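# Examination of the molecular architecture
Residues per chain, in single letters:
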Amino acid sequence: MTLKASFASVLRALRSKRNITQRDFADTPSRTYLSKLELGKSSITLDKLDQVSRRLELSPITLLTLTLSEDTGKPPSELISKLQLEIEDLQRKDGLPGLRVIPEIGHQMRHVPRRARSGHESNCMQAELAFAD
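## Section: the packing of aromatic side chains
Enumeration according to the criterion identifies zero aromatic pairs in this entry. Over the aromatic face of Y33 sits the side chain of K48, whose NZ or CZ is 6.0 Å from the ring centroid.

## A short note on the side chain of R15
Following the sequence through the fold, R15 ends up in helix α1 (residues 3–17). Among the polar contacts made by the side chain of R15, one reaches the side chain of E38 at a distance of 2.3 Å. Sequence-distant contacts of R15, defined by excluding residues within four places in its chain, comprise I20, T21, Q22, F25, L34, E38 and L56.

## A look at the packing of helix α4 (residues 60–72) against helix α5 (residues 76–92)
Here α4 crosses α5 at 120°, and the two axes come no closer than 9 Å. Crossing angle aside, the handedness with which α4 passes α5 is right-handed. Where α4 approaches α5, its residues I61, T65, L66, L68, S69 and T72 are matched on the opposing element by P76, L79, I80 and L83. In the contact of α4 with α5, the residues fall into seven nonpolar, three polar and no charged.

## Overview of the pattern of salt bridges
Tallying each qualifying case throughout the model produces three salt bridges. Across the salt bridge formed by D50 and R54, the nearest N and O atoms sit 3.0 Å from each other. In this pair, D50 and R54 both sit in helix α3 (residues 46–55), four residues apart, roughly one turn of the helix. Residue K82 is joined to E86 by a salt bridge in which the shortest nitrogen-to-oxygen separation is 3.9 Å.

## Re the nonpolar core
F7, L11, F25, L37, V52, L56 and L63 are the most contacted members of the largest nonpolar core, which has 13 residues in total. Mapped by element, the contributors of at least two residues to this core are α1, α2 (31–38) and α3. For F25, the contacting residues outside a window of four places in its chain are R15, I20, L34, V52, R55 and L56.

## Some thoughts on α1
Compared with the 21 Å implied by 1.5 Å per residue over 15 residues, the 21 Å span of α1 between its first and last C-alpha is a close match. All of the buried residues along α1 are S6, F7, A8, V10, L11, L14 and R15. Elements in contact with the buried residues of α1: α2, α3 and α4. Phi turns positive, to about 55°, at N19, one or two residues after α1.

## Considering a nonpolar patch on the surface
A surface patch of nonpolar side chains, amounting to about 230 Å² of accessible area, comprises I61, L64 and L83. Position of L83 relative to the elements: it lies in helix α5. For L83, a relative accessible area of 34% translates into the label partly exposed.

Conventions and cut-offs
- Residues numbered from 1 in each chain as written.
- Predicted model: local features only at pLDDT ≥ 70, side-chain atom pairs only at ≥ 80, totals over all residues.
- Heavy atoms only, no water.
- Phe/Tyr/Trp six-rings, centres within 6.5 Å; stacked < 30°, edge-to-face > 60°.
- Lys NZ or Arg CZ within 6 Å of the ring centre and 35° of its normal.
- Helix = DSSP H or I, 4+ residues; strand = E, 2+ residues; numbered from the N terminus.
- Polar contact = N/O pair within 3.5 Å; in protein donor to acceptor, adjacent residues only side chain to side chain.
- Contact = heavy atoms within 4.5 Å.
- Axes fitted to C-alpha atoms, helices over the stretch in contact; angles between N-to-C directions.
- Left-handed = near helix turned anticlockwise from the far one by under 90°.
- Nonpolar A, V, L, I, M, F, W, Y, C, P; charged D, E, K, R; others polar.
- Salt bridge = Lys/Arg side-chain N within 4 Å of Asp/Glu carboxyl O.
- Core = buried A, V, L, I, M, F, W, Y, C linked by side-chain atoms within 4.5 Å.
- Buried < 20%, exposed > 50% of the residue type's maximum accessible area, 1.4 Å probe, protein only.
- Expected span 1.5 Å × (residues − 1).
- Patch = residues over 30% accessible without salt bridge, like charges linked within 9 Å, V, L, I, M, F, W, Y side chains within 5 Å.
- Areas by Shrake-Rupley, 256 points an atom, 1.4 Å probe, with all protein chains shown as cover.

Dropping the structure here:
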């Protein structure tokens, strides 16, 4: 399955579960564009991903995680754990030039030795990645 096809499956399933028609997306991408997305005939842009996720009342990261889960057959929790470990690793290595990580207020990142990470542990660190000016 391709990422386009996986995204199409996720989008259709979410719309169906929430009883949202393509017409209900009037304030978001055009119905034709939405139809092409659901048929796997078009790729989504970041701006459109943001619009679609808002209409579905989900974060873009949720849509992407569900899409990658559908595409790879891996559970969303495994993908999220990998994401969290990768962000922690970047932070330990001072991030990336031009990119800043904004820790969630009240939460501090804790270092967990790599050998102790089971993927089942919870880390209370949340972060927002943004391009620095």
